[in-house]
Amino acid sequence: WYINKYLIMKKLSESIWSDMQDRSAGDMIRKEDEKTNINDIVPLDMGVDVLWADRDLEWRDGGFFFTYNEVKNITAKSEWRIHTKNEVNQLLKHTKEIKNTDEVYMIEGDFDKAPTMTFTKKGCKYTMDDKIYNKCQYCSWTSTKREDIKDTYYINVIKQYTSMESMYYGNKLCVRLVKDK
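Asker: How would you explain the sheet that holds strand β1 (residues 43–44) if you had to name every residue and give the values?
Answerer: Strand order in the open sheet made by the 4 strands is β1-β2-β12-β3, with antiparallel pairing throughout. Two strands lie at the open edges of the sheet, namely β1 and β3 (81–82), each paired on one side alone. The pairing of strand β2 (residues 50–53) with strand β12 (residues 177–180) spans 3 bridges and is antiparallel. Among the inter-strand pairings, Val50 is bridged to a residue of β12, identified as Asp180. The sheet contacts of helix α3 (residues 85–93) involve β2, β3 and β12, and relative to β2 the element is tilted by about 85°.

The structure is reproduced here in structure tokens:
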């Protein structure tokens, strides 16, 4: 009995220790460890070269603004990634607008039974004063860098592009991810 109890305790102890090491190394993520909804996002086939996320990336505490580097770190061990400027252009070219108000922008694919994508216009957050600006716009990171300004990425502001120096000012935007087909 004592030998069996010892072996059971040893096995249990090794299992717990192994789980703790995996968790510390980031190899294992439990639901309670997740800081974002990245594992709840569902891919949508909009008839373009990549699959688009059905919703924005969000913090579990309800926040929805991210710095560029936060998104890169969150997606590092995921199939999801930040879209490029060309991927946004392709999406907008192959979909049709079905609603555009101060609150939302909705599009659907141009094929039978195509899904609908809704972008809630939340603006962007400048961390220098912690205020939200452009509340009637959907502002999202792209992974396309400007060649003329160091560490500056283009931002998708539905149907137009601007740029923001993410590395220096820590500005925060919404994020709609993509994954390769």
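Now, onward.
Asker: Any details on unusual backbone geometry? Residues and values, ideally.
Answerer: In this structure, Lys113 takes a positive phi of about 60° despite not being glycine. Of note, Lys113 is situated in the loop between β5 (104–109) and β6 (116–120). Taking the relative accessible area as the measure of exposure, Lys113 reaches 84% and is therefore exposed. Its identity is not glycine, yet Asn134 carries a phi of approximately 55°, on the positive side. Structurally, Asn134 can be placed in the loop between β8 (131–133) and β9 (139–145).

Asker: Can you lay out helix α2 (residues 68–75) for me, pointing to particular residues and giving the numbers?
Answerer: Tyr68, Val71 and Thr75 are the residues of α2 that are buried. Burial along α2 is one-sided: seen end-on, the buried residues are contained in an arc of 65°.

Asker: I'd like a description of the nonpolar core, backed by residues and values.
Answerer: The biggest cluster of nonpolar side chains holds 18 residues, and the ones touching the most others in it are Leu57, Val71, Trp141, Val175 and Leu177. Broken down by secondary-structure element, the contributors of at least two residues to this core are α2, β9 and β10 (153–157). At 3 residues, the largest contribution of residues to this core is made by β10. By size, the runner-up hydrophobic cluster in this structure holds 16 residues, among which are Val88, Ile107, Met117 and Ile158.

Asker: Please give an account of empty space enclosed by the protein that cites residues and values.
Answerer: Enumeration over the complete set of coordinates arrives at 1 cavity of 30 Å³ or more. For the largest cavity, the calculated volume is near 50 Å³. Lining the largest cavity, in full, are Trp52, His83, Val88, Leu91, Leu92, Phe119, Tyr138, Asn156, Ile158 and Arg176. No other element matches α3, which puts 3 residues into the lining of the largest cavity. Taken together, the residues of the lining of the largest cavity break down into 7 nonpolar, 2 polar and 1 charged.

About the thresholds
- Per chain, residue numbering runs from 1 following the sequence as it is written.
- Under the rules for a predicted model, residues below a pLDDT of 70 receive no local features and side-chain atom pairs below 80 are neither given nor counted, while totals for whole chains, interfaces and linings still include all residues.
- Hydrogens are left out, water is left out, and the side-chain values use all remaining heavy atoms of the structure.
- Strands were regarded as paired on the criterion that DSSP finds at least two bridges between them.
- The helix count covers DSSP runs of H or I at least four residues long, the strand count covers runs of E at least two residues long, and both are numbered beginning at the N terminus.
- When checking whether two residues touch, look at their non-hydrogen atoms; a contact exists if any pair is within 4.5 Å.
- Note on definitions: angles span 0 to 180 degrees between N-to-C directions of axes, and those axes are lines fitted to C-alpha atoms, for helices only across the stretch in contact.
- Each residue is assigned to one of three classes by its accessible area relative to the maximum for its type, calculated with a 1.4 Å probe on protein chains only: buried under 20%, partly exposed between the two thresholds, exposed over 50%.
- Directions drawn from the helix axis to the C-beta atoms are what define this arc.
- Only buried Ala, Val, Leu, Ile, Met, Phe, Trp, Tyr and Cys residues count toward a nonpolar core, and they belong to the same one when joined by side-chain atoms within 4.5 Å.
- The definitions used throughout rest on a 1 Å grid laid over the protein atoms alone, on which a cavity is an enclosed set of points accommodating a 1.4 Å probe that cannot get out and a pocket is an open set flanked by protein within 12 Å on both sides along at least five of seven lines; lining residues are those having an atom within 4 Å of a point.
- Grid points are joined across faces, edges and corners, and a volume is the space filled by probe spheres set on the points.
- Residues are sorted three ways: Asp, Glu, Lys and Arg are charged, Ala, Val, Leu, Ile, Met, Phe, Trp, Tyr, Cys and Pro are nonpolar, and all the rest, Gly among them, are polar.

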